[in-house]
Amino acid sequence: MLGGLSLAGGYPIYANRMMQEFENVPVKKHVKKGWMRESYHSRISKKWIKRYGTKEIRPTIVTGGRMYAHPNTVAAIIASTALSP
């Protein structure tokens, strides 16, 4: 917990240096239906990534009533909560 504060929706937040700071995820995700083979689904997913691209997110893990994130992500969360009233 940082400074005795519970941030991010009431969860105590902890810095974890083992986590990635950014993660690339597809902007638009292709959903695999029951009739699709894996090869078809992966081919369409690859085309959608090429067409729509990816975005960077800051991953966090919430488990056991605690939130874990990269130290730079924790700093960004603290900075954003300090600016909001």
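In the block above lies the structure referred to throughout.
An account of the accompanying structure is given in this report. (Residues numbered from 1 in each chain as written. Predicted model: local features only at pLDDT ≥ 70, side-chain atom pairs only at ≥ 80, totals over all residues. Heavy atoms only, no water.)

### Observations concerning helix α1 (residues 38-52)
In this model α1 runs 21 Å from its N-terminal to its C-terminal C-alpha over 15 residues, within 8% of the 21 Å that 1.5 Å per residue would give. Taken as a whole, α1 has its buried residues at H41, I44 and S45. Buried residues in α1, looked at end-on, bunch into an arc of 105°, giving them a common side. Every exposed residue of α1 that faces more than 90 degrees away from the buried side is listed here: S39, K46 and K50. Backbone geometry just after α1 places G53 at a positive phi near 85°. (Helix = DSSP H or I, 4+ residues; strand = E, 2+ residues; numbered from the N terminus. Expected span 1.5 Å × (residues − 1). Buried < 20%, exposed > 50% of the residue type's maximum accessible area, 1.4 Å probe, protein only. Arc of directions from axis to C-beta.)

### Structural notes on the environment of M19
You can see M19 is positioned in the loop between β1 (13-15) and β2 (23-26). On the basis of relative accessible area, M19 is assigned to the buried category, the value being 13%. As a C-alpha pair, M19 and P71 span 52 residues in sequence and 8.8 Å in three-dimensional space. In contact with M19, not counting residues within four places along its chain, are P59, T60, I61, Y68, A69 and H70. (Contact = heavy atoms within 4.5 Å.)

### What about the sheet that holds strand β5 (residues 66-69)?
What the three strands build is an open sheet, ordered β1-β5-β4; its pairing is mixed. The open sheet has two edge strands, β1 and β4 (60-63), and neither has a second partner. Taking each pair of neighbouring strands and ignoring which way they run, the sheet shows an average axis angle of 25°. One ladder, built from three bridges, connects β1 with β5; its direction is parallel. Bridge pairing in β5 places Y14 opposite Y68. (Pairing = 2+ DSSP bridges. Axes fitted to C-alpha atoms, helices over the stretch in contact; angles between N-to-C directions.)

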